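Residue-level structural notes
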Amino acid sequence: MTSTQRAQRPPWAQRPERPQSHQDAPRGRSRPARGSRGPLRVLRILGARPGVTLASLFLLLLVGWILVPDLFAPTDPIEAVGPSLAPPGSHYWFGTDLNGRDVYSRVVHGARSSLLAGLVAIAISLVCGGLLGMVAGYAGGILDAVISRAVEVLVSIPGLLLSLAIISALGFGVDKVAIAVGISGIPGMVRIARAETLRIIGLPFMDAAATSGTRRVIAILTHVVPNASGAIAVVAGIDLGGAILAVASLSFLGFGAVPPQPEWGSQINEGRTYIASAWWWTLFPSLVAALTVLSVNRVSRGIGTREDR
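Residue indices follow the written sequence of each chain, beginning from 1 at its first position. Only residues with pLDDT of at least 70 are given local features in this predicted model, and only at 80 or more are side-chain atom pairs given and counted; all residues enter the totals for whole chains, interfaces and linings. Side-chain numbers here rest on the full set of heavy atoms in the structure, without hydrogens or water.

1. Re the overall build of the chain
Put simply, DSSP marks the helices as runs of H or I at least four residues long and the strands as runs of E at least two long, and each gets a number from the N terminus on. Along the backbone of the chain there are 13 helices and zero strands. Along the chain direction, N to C, the helices and strands of the chain fall in the order α-α-α-α-α-α-α-α-α-α-α-α-α. Exposure is judged per residue with a 1.4 Å probe applied to protein chains only, and the accessible area is read against the type maximum: over 50% gives exposed, under 20% gives buried, and values in between give partly exposed. Counting only residues that meet the buried cut, the chain has 38% of its 309 residues in that class.

2. Section: the packing of helix α5 (residues 103-139) against helix α8 (residues 174-184)
In this analysis an axis means a line fitted to C-alpha atoms, helices contributing only their contacting stretch, and an angle means the value between N-to-C directions, from 0 to 180 degrees. Following both chains from N to C, one finds α5 and α8 inclined at 35°, their axes separated by 7 Å at the closest point. Along this stretch, α5 crosses α8, giving a crossing that reads as right-handed. Across from Ser113, Ala117, Val120, Ala121, Ile124 and Ser125 in α5, the residues of α8 making contact are Val174, Ala178, Ile179, Val181, Gly182 and Ile183. By convention the crossing between two helices is left-handed if the near helix lies anticlockwise of the far one by an angle smaller than a right angle, and right-handed if it lies clockwise. Any two residues having at least one pair of non-hydrogen atoms within 4.5 Å are treated as being in contact.

3. Concerning the pattern of salt bridges
Within this document, salt bridges are pairs made up of a side-chain nitrogen of Lys or Arg and a carboxyl oxygen of Asp or Glu, the two lying within 4 Å of each other. Following the criterion strictly, the structure yields six salt bridges and no others. A cluster of three or more residues bridged by salt bridges with shared partners is formed by Asp97, Arg101 and Glu270.

4. As for the side chain of Ser295
Locating Ser295 in the fold gives a position in helix α13 (residues 280-308). For Ser295, the side chain forms a polar contact with the main-chain oxygen of Leu291, separated by 2.7 Å. Not counting residues up to four positions away in its chain, the partners in contact with Ser295 are Ala55, Phe58 and Leu59. Pairs of N or O atoms within 3.5 Å make up the polar contacts considered here, provided that, within protein, one atom can donate a hydrogen while the other can accept it, and that residues adjacent in sequence are counted only when both atoms are side-chain atoms.

5. Focus: the nonpolar core
Most often, soluble globular proteins have nonpolar side chains that are buried together. Definition used in this section: a nonpolar core is a set of buried Ala, Val, Leu, Ile, Met, Phe, Trp, Tyr and Cys residues joined via side-chain atoms within 4.5 Å. Counting 49 residues, the largest nonpolar core has Trp65, Val107, Leu115, Met134, Val181 and Trp264 as its most contacted members. Among the elements of the structure, α3 (50-67), α5, α7 (159-170), α8, α9 (186-200), α11 (216-252) and α13 are those that each provide at least two residues to this core. What Leu115 contacts, discounting residues up to four positions off in sequence, is Leu62, Ile66, Ile244, Trp264 and Thr292. With five residues, the next largest nonpolar core counts Ile147, Val151, Ile186 and Val190 among its residues.

6. What to know about the packing of aromatic side chains
Here the aromatic set is Phe, Tyr and Trp, taking the six-membered ring for Trp, and pairing holds for ring centres within 6.5 Å; pairs whose planes are under 30 degrees apart are stacked, those over 60 apart are edge-to-face, and all others are tilted. Summed over the entire model, instances satisfying the criterion amount to seven aromatic pairs. Where Phe94 meets Tyr104, the ring centres are 5.2 Å apart and the plane angle is 90°; that geometry is what we call edge-to-face. Linking Phe94 in the loop between α4 (69-72) and α5 with Tyr104 in helix α5, this pair joins segments that are ten residues apart in sequence. Take Phe94 and Tyr104: they sit in the same class, and that class is buried. Seen from their ring centres, Phe172 and Phe255 are 5.1 Å apart, and the 85° between their planes marks the pair as edge-to-face. Taken together, the positions of Phe172 in the loop between α7 and α8 and Phe255 in the loop between α11 and α12 (264-271) put the pair 83 residues apart, joining distant regions of the chain.

7. Observations concerning the packing of α7 against α8
The interhelical angle for the contact between α7 and α8, taken along N-to-C directions, is 135°, at an axis separation of 8 Å. Between α7 and α8, the angle is such that the two are oblique. As α7 packs across α8, the resulting crossing turns out to be right-handed. Mapping the contact onto sequence places Gly159, Leu162, Ser163, Ile166, Ile167 and Leu170 in α7 and Lys176, Val177, Ile179, Ala180, Val181, Ile183 and Ser184 in α8. Any angle from 65 to 115 degrees is called roughly perpendicular, while one under 35 is roughly parallel, one over 145 is roughly antiparallel, and all others are oblique.

8. Describing unusual backbone geometry
Of note, the phi angle at Leu85 is positive, near 55°, even though the residue is not glycine. With respect to the secondary-structure elements, Leu85 resides in the loop between α4 and α5. Note on Leu85: relative accessible area 24%, which makes it partly exposed.

9. Thoughts on α5
In a regular helix each residue adds 1.5 Å, so 37 residues correspond to 54 Å; α5 covers 53 Å between its end C-alpha atoms and thus fits that length. By the largest-angle criterion, Gly110 marks the main kink of α5, which is about 35°. With a side-chain oxygen lying 3.3 Å from the backbone nitrogen of Tyr104, the N-terminal cap of α5 falls on Asp102. Directly beyond the C-terminal end of α5, a positive phi value near 70° is found at Gly140. One less than the number of residues in a helix, times 1.5 Å, gives the span that helix is expected to have. Throughout, bend refers to the angle between the axes fitted to the seven residues that end at a position and the seven residues that start at it.

Quick look at the structure:
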């Protein structure tokens, strides 16, 4: 149909011009592939935050140590595999201890006890402290006053001293140390959860929930918990590093793992007597524990920074 015939047709019979799609575009230009920007975007994000990237990679390595320690260190961590107090080398990366055991293998296999104990401690403080703080902040009145005064008394006691008092009642062992560290972390978590709850109950949707007759328990579970979980989780991630350090400290004092069970704190305690002649026995477990705490804190703070944005 020519342009003259198209102009002579009535307006109602004329069809609208079809918009030009990208398929009708000149063939000289090629659209960039949608998936080609994925790797570049990932590299750009990793390059912008190298500290968080390195910390995350180290934490992934620790996860591998926990799940499949024999894959990273096939040597038996309890039996003697070499000469006594052999320095680090190609055969023994972290050297050997007084009994000829591979220090590297003991560090790898000890990650499970040290890190799982820290996770159990954080889980105890997160669940118990978070629920108490939310109940205190939402209920208010006498219940809030009682919980707040009890928390203030416990906060005035140093955490390590409180953990020692709890261990003296529970007994020795890694599981007892985890419970003691978790209980000592409850007061701090109560204060964080209570502050977040007080902030949330002042928002308009909480007034709407109260007006509609929603029960307090339902309001806490459906409104307070989802909105407060982000900030509480970030604080729990930061406290995880302190919990791991507290577990290692108590094991260093002799309250944790029973020899010859591998554990970072007990390894540091065993090698401190020979630090002048066999520095590697104490240095490498201490270095791995310090890097773990720093990596956990760095990743948690990075997540918290993204949440603030």
